[in-house]
Every structure is written in C-alpha cells, then in structure tokens.
Amino acid sequence: MIRAALLLLALALPAQAEDIVADLSQDRISISTSFSGSEILVYGAIRREAPIPENSDLAVIVTVAGPREDVTVRRKERRFGIWVNTDAAEVRRAPSFYAVASSAPLDRALSRDADLRYGITTPRALGGPGLGRMIGGDFEFLEALIRVNTATGVYGEAEQAVEIRGQTLFSTTIELPSNLTEGNYDTRIFLTRDGDVIDSFYTSIFVQKVGLERWIYTLAHEWPLIYGILSLAIAIVAGWGASALFRWIRV
Amino acid sequence: MQIYLPIAEVSVNAFLLLGLGGLVGVLSGMFGVGGGFLMTPLLFMIGIPPAVAVATEANQIVASSFSGVLAHLRRRTVDLRMGVVLLIGGLVGAALGVQVFAILRDAGQVDLLVRLCYVIFLGVIGGLMFIESLGAIRRSRATGPVQRTQRRQRGWIHALPLKMKFRTSGLYISVIPPLFVGLFVGILAAIMGVGGGFIMVPAMIYLLGMPTKVVVGTSLFQIIFVTGFATLLHATTNYTVDMMLAVLLLVGGVIGAQVGARLGTRLKAEQLRILLALMVLVVCGKLALDLLLQPAELYSVDVDGHG
C-alpha cells in the first residue's frame, strides 16, 4: 500500500523544479445573436517541489491565437491624383486574433531565443518558423498587418497584465472582441525564469456560432441558392406587407 | 442592443441599423429613389465589409421597389412591355457586373471601382439636378409657371432597326436603346449595390422619350428583377448576402418609405429636388475626398480564406 502510494507520488513528480497548473473560466464560447465580445479569465498556480529559487526573475506569459487564415496586405499609392491599391503581399496562416499578456515587460520576461523558438511576441507569432510565412514583399507589410490589426483591437500586447501573487498564484483576463470568427483559439501559458521558458501549458477555447447565427451561416454556405431565394422571399413579403399595412391604415 | 451579423461577422447596434433603414426609407419615400446610393456608403462607414454591404443592399432594394411597384400597378402606370425589354438587358448586365465584381475583388480594386462609380455618377447627376432645379425655382419666382413646349426629338435613336410598339408609353422605337440602357444599369446594380433608378429615370425620359407618368413605375418594375437576380448571384458566387442585416434594414426602410411619402407631399417639387441634389453632392464630396486626400493608414488587410 505504502509502496504503491510512493510510486504514484514518484510518477506525479515533475521533471522540472517548477511547473504550471492552469485553467480557463470558460473553454467554449457561443456566438449568439446578442454576442458582443467576451472576457476569458486565465488563472493557475506554479507548483514546486523545491524551495523558491532566489536571485532569478519569474514571469508568466499568456497568449491566445485565433484560427489562422491567409491574408493579403495591400499598400495604397497616389496614381493620377487618387489613392489606389498598388503593391500587395500575402501573409500565410496569420492568426485572426492574437493577444499576449505578460507579468513583466516582454523584453525582460522573454529571451530572444525563447521567443524565436516558441513564437510568442506578435511579429514572431506571425513570422516564426512553421507558424506563418511571408510570400513576396518585405517586413514593412508584416509591420503594417500588426499595426492595422492592433488599431482594430484584434491584435494586442498587454505587458504587466498578468498578476502573480506570492510567486505562486497568477491570473489575467483576455478580452475577446465582438467581431470573432469561428474556430479554435489556441491558448498557451509560459512560465519563464530569466527569460528562458521552463514550463508551458496548452489548451484551446472553442468558439462557435449557435442558434439562428449557426443556421443562417450554414444555409448561406451549404445551400446558397435556397438561401438567396429565401432572402428574396423575405424582401418581397416585407415590401408587400408594408404596402398592404399602410393602405389598410389609410382606409 | 448589439446584434451579431452572421455573414458580415461583425457586431453592430440593431437600433442604429433600424434607424439608418428608416432614415434612408424616409428620403426614398420623399424623393422617389431607391436610396441604395445613400445606404451602401453608410454601411461602409459603420464597418460592414464592402462586399457584404453591396450584396445585402441589393436584397433590400427588392423590398422597397416591390412595395412601390404595387402602388404603380394599381394606377396602371407601368409599361410592362418596356419593362421586359429593359429587364432582358438588365439581367445580362447584372450577370456581367457580378463577374467583374469577383475579378476586381481578387485584384483588390473593388473598393476603388465602387467609390469611383459613386463619385462619377453622384457628381454628374447631383450637379445636373442642382442646376436644373435652381433654374426652375428662379423661373417660377420671375414669371410664375411657364408653359413648356412639347418637343419630340427625332434623332439617331429613331433610325435604328428592330422597332417595336410600346402602347402604354405611346412609343414606336427600336428595342436596341432600351436594351443598352438596361444592360448599363444592370452592371451598375451589381457593382454599386444600387437599383440604378437615379440613372434609369433620366435615361427613360431624355433618351427614350417616355412619358414621365410611366417612368417611375416601369423603372421600379425592372429594378425588382435586376436587383433580385443580383442578390441571387451574389448569394451563390460570393456568399455575401447577410439575411440578418437585410431584415433590420428592411423593417426600418419600408416604414420610413411610407412616412417619407407623406412628408414629401408637403414640400414643393423644386424644393424637394434641390434638397435631393444637395444630399447627393454631399455624399459624392465625402467619397471624393477619401480618394483625393492621403489616407491616415496606407495599408489595408483582406482575408483570403481560412487556411
């Protein structure tokens, strides 16, 4: 009995000295008709078997990445007196949403090597190996993509947004905007010491349209002809209804 | 109350959409225009993607013109034969327009094309209408109502072959000019998300020589089919018709149109026309400035597809 318990304890013991135990306030978001954005609470604790190491900086970084999609970034130039789109660059598999929250400024919380390896900061998440790829064009277009998406609130880095209590408990909130697309939102939590990642925790938030939203979207994409005819029918009925109603009021 | 639009994939205020629909409905009831030329740019401004705005607006115009044509059918002011000829041209035009729209969307130039179309047509029509109604007001102040002499133009339009009798309009002309007018307006309907009434009506009066009393009804009759066809094409090729958005605009629009029709009877025709002309010119000016001034952000992002 005691031997079995000891064995279990040994199995449960982590390889590292410190590791993350974390969870989300919700791992499923339903986009209903009244959906106007959501807030996700990410919380957890740092589990240790050894005493807290001294003289080294602890940091927690949380990232949430939306479904990846191919985007085209276009640049306007003045031609014949008006501003028209000229050059364009394609960015493969750019996340539709990307948020980074950290407990300390990112340049202190994260070393260059760790950022390269895990693709944590926004430019790395877009351009890092195996994650995103630039087709033609230069870094200017990638910067523009980040700038435009940051302005619309789709991308964001919040330094010192993760709160750590007693070197053990941590929590942060991630704001999801109202213009979410459907899919899996990959959530990653990194624990760093002096900029090096010592443990990470991955999970997913599942975002899906429900009810009327789901029905309309599916109909429009699976049976476009029926959807088109139905849209026209609604228009005809509304037009006829208004005319009939106001004729009836007048009588 | 925020409402999430399933196709546009943005969340907007439902009352804002109802209000916009109502406002444009009032204007369209007052001036006898579809109002698409106002609604589509307004939808761009509140953040609806241009492709969704254009396709959904086409659907909304079906409702407002159907409501209008019922009244005209009761008054027998629809030239069905002329309507069908215009319609044949219009359907071909709409099919071409949707193809052009899809090609330009891939090239990233759809925004420019739609804006250029708006600036040119709104500028020309607003300007002409403004000058014409200003002249009319000045004349009526100077000498009171003036009898205008009826003058039939017998130009090249009457020398074309394939003549046909249009009894309701009292015309015996070639079918080629109405076919081309229909084709042209059909292309515009698909690209600009408008019914094209503001181009169709002057073309019918000045180019085809149709009597004014049948012009509006006939124009509305063919607009229903052209915009209906454009809606179907956008729904099946671009998947950009947003039913939720259309319903909100419809409800505001059809109520507004009836209110507007009553308000319209209290104003004089010249005053109405000059107000409409000013409004058209303001929209045109705003769109022209966007093209001429350096934008704050030179870059824009298009989503190609989920990868």
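Chain B carries the name Probable membrane transporter protein in an unreviewed UniProt entry, which gives Jannaschia seosinensis as its organism. Among the UniProt annotations of chain B, the heading Sequence similarities (unreviewed entry) holds the following wording: "Belongs to the 4-toluene sulfonate uptake permease (TSUP) (TC 2.A.102) family."

As annotated in an unreviewed UniProt entry, chain A carries the name Putative transmembrane protein (Alph_Pro_TM) and is attributed to Jannaschia seosinensis.

A. How the structure looks around the interface of chain B and chain A. Contacts between chain B and chain A engage 50 residues on the former and 51 residues on the latter. Looking at the side of chain B that touches chain A, the elements with two or more residues in it are β1 (2-5), β2 (10-13), α3 (50-74), α8 (212-238), α9 (243-264), α10 (269-292) and β5 (299-306) of chain B. Among the residues forming the side of chain B that touches chain A, the class breakdown is 29 nonpolar, 17 polar and four charged.

B. Quick peek at the UniProt feature "transmembrane region" (unreviewed entry) in chain B. As annotated by UniProt and renumbered to match this structure, "transmembrane region" (unreviewed entry) occupies residues 12-35, 82-104, 116-137, 179-207, 214-233, 239-260 and 272-293 of chain B. The distance from the first to the last C-alpha atom of residues 179-207 of chain B is 12 Å, and the span holds 86% helix and 0% strand.

C. Looking closely at the nonpolar core. Membership of the largest hydrophobic core comes to 150 residues, with the highest contact counts inside it found for Ile-61 and Leu-145 of chain A together with Ala-94, Ala-189, Val-226, Ala-230 and Leu-245 of chain B. When residues in this core are grouped by element, the largest group, 14 residues, is from α8 of chain B. Residues from two domains meet in this core; each of domain 1 (17-209) and domain 2 (210-251) of chain A gives at least three. Excluding its chain neighbours within four sequence positions, the residues that come into contact with Ala-230 of chain B are Ala-58, Ala-94, Val-98, Ala-189 and Ala-190 of chain B.

D. View of the domain arrangement of chain A. Residue and element names in this part refer to chain A. Partitioning chain A into domains gives domain 1 (17-209) and domain 2 (210-251). Here the C-alpha centre of domain 2 lies 40 Å away from the C-alpha centre of domain 1. Each partner contributes residues to the interface: domain 1 has six residues there, and domain 2 has six residues. Of all the secondary structure elements, the ones that give two or more residues to the side of domain 1 that touches domain 2 are β2 (28-31) and β13 (196-209). Taken together, the residues of the side of domain 1 that touches domain 2 break down into one nonpolar, four polar and one charged.

E. Layout of the sheet that holds strand β3 (residues 38-48) of chain A. All names here are of chain A. In spatial order, the strands read β1-β3-β11-β10; together these four strands make up an open sheet with antiparallel pairing. Two strands close off the open sheet at either side, each with one partner strand: β1 (18-24) and β10 (163-165). Geometrically, the sheet is characterised by an average inter-axis angle of 20° between neighbouring strands, direction not taken into account. Of the strand pairs in this sheet, β10 and strand β11 (residues 169-176) are connected by three bridges, and their pairing is antiparallel. Across the sheet, residue Glu-163 finds its bridge partner in β11, namely Ser-171.

F. Spotlight on the sheet that holds strand β7 (residues 98-102) of chain A. All names here are of chain A. Ordered in space as β2-β13-β12-β4-β7-β9, the six strands form an open sheet in which the pairing is mixed. The open sheet has two edge strands, β2 and β9 (155-159), and neither has a second partner. Adjacent strand axes in the sheet meet at a mean angle of 15°, parallel and antiparallel pairs treated alike. As judged from the five bridges shared by strand β4 (residues 58-65) and β7, these two strands associate in the antiparallel manner. Looking across to β7, one finds that Val-64 is bridged to Ala-99.

G. Region of the structure containing the packing of helix α4 (residues 80-107) of chain B against α8 of chain B. All names here are of chain B. Contact pair α4 / α8: the axes reach a minimum separation of 9 Å and the direction vectors enclose 30°. Taken as axis vectors, α4 and α8 run roughly parallel relative to one another. Pair α4 / α8 crosses with right-handed handedness. In this structure, α4 contributes Met-82, Gly-83, Leu-86, Leu-87, Gly-90, Leu-91, Ala-94, Ala-95, Val-98 and Ala-102 to the contact, and α8 contributes Thr-218, Phe-221, Gln-222, Phe-225, Val-226, Phe-229, Ala-230, Leu-233, His-234, Thr-237 and Asn-238. For the contact of α4 with α8, the class distribution of residues is 14 nonpolar, seven polar and no charged.

H. Structural context of the pairing of strand β12 (residues 183-193) of chain A. Residues and elements named next belong to chain A. Alignment of β4 against β12, held across eight bridges, turns out to be antiparallel. Looking at β12, one finds that Ala-59 is bridged to Thr-192. Strand direction decides the pairing type here: β12 and β13, joined by eleven bridges, are antiparallel. In the sheet register, Asn-184 faces β13, and the bridge partner there is Phe-206. Taking the residues between adjacent antiparallel strands as the criterion, β12 and β13 are bridged by two residues, where Asp-194 takes a positive phi near 50°.

I. Quick look at the UniProt feature "transmembrane region" (unreviewed entry) in chain A. Following the UniProt record, one finds the feature "transmembrane region" (unreviewed entry) at residues 225-249 of chain A. For residues 225-249 of chain A, the end-to-end C-alpha separation is 36 Å, with 100% helix and 0% strand making up the annotated structure.

J. Seen up close, unusual backbone geometry. The backbone of Gln-167 of chain A sits at a positive phi, close to 55°, despite the residue not being glycine. Relative to the helices and strands, Gln-167 of chain A is located in the loop between β10 and β11. Look at Glu-9 of chain B: it is not a glycine, yet its phi comes out positive at around 55°. Position of Glu-9 of chain B among the secondary structure elements: in the loop between β1 and β2. For Glu-9 of chain B, a count of 21 C-beta atoms within 10 Å gives the class buried.

K. Highlighting α3 of chain B. Residues and elements named next belong to chain B. If you check α3, its first and last C-alpha atoms are 37 Å apart, about what 25 residues at 1.5 Å a residue would give, namely 36 Å. Along α3, 19 of the 25 residues are buried, which leaves the element largely enclosed by surrounding structure. One or two positions beyond α3, positive phi appears at Arg-76, with a value near 55°.

L. The packing of α3 of chain B against α8 of chain B, seen in detail. Residues and elements named next belong to chain B. Where α3 meets α8, the closest approach of the two axes is 8 Å, and the angle between their N-to-C directions is 150°. Between α3 and α8, the angle falls in the class roughly antiparallel. Here the hand of the crossing between α3 and α8 comes out left-handed. Contact residues: Ala-51, Ala-55, Ala-58, Asn-59, Ile-61, Val-62, Ser-65, Phe-66, Gly-68, Val-69 and His-72 in α3; Val-216, Gly-217, Leu-220, Phe-221, Ile-223, Ile-224, Thr-227, Gly-228, Ala-230, Thr-231, His-234 and Asn-238 in α8. For the contact of α3 with α8, the per-class residue count stands at 13 nonpolar, ten polar and no charged.

Rules and cut-offs
- Residues numbered from 1 in each chain as written.
- Chains lettered and ligands numbered in written order.
- Predicted model: local features only at pLDDT ≥ 70, side-chain atom pairs only at ≥ 80, totals over all residues.
- UniProt positions renumbered as here; feature names shortened; annotations may be inferred.
- Contact = placed C-beta atoms within 7 Å.
- Helix = DSSP H or I, 4+ residues; strand = E, 2+ residues; numbered from the N terminus.
- Nonpolar A, V, L, I, M, F, W, Y, C, P; charged D, E, K, R; others polar.
- Core = buried A, V, L, I, M, F, W, Y, C linked by C-beta atoms within 7 Å.
- Buried ≥ 20, exposed ≤ 12 C-beta atoms within 10 Å, placed from the backbone.
- Domains from an automatic or database assignment.
- Pairing = 2+ DSSP bridges.
- Axes fitted to C-alpha atoms, helices over the stretch in contact; angles between N-to-C directions.
- Parallel < 35°, antiparallel > 145°, perpendicular 65-115°, else oblique.
- Left-handed = near helix turned anticlockwise from the far one by under 90°.
- Expected span 1.5 Å × (residues − 1).

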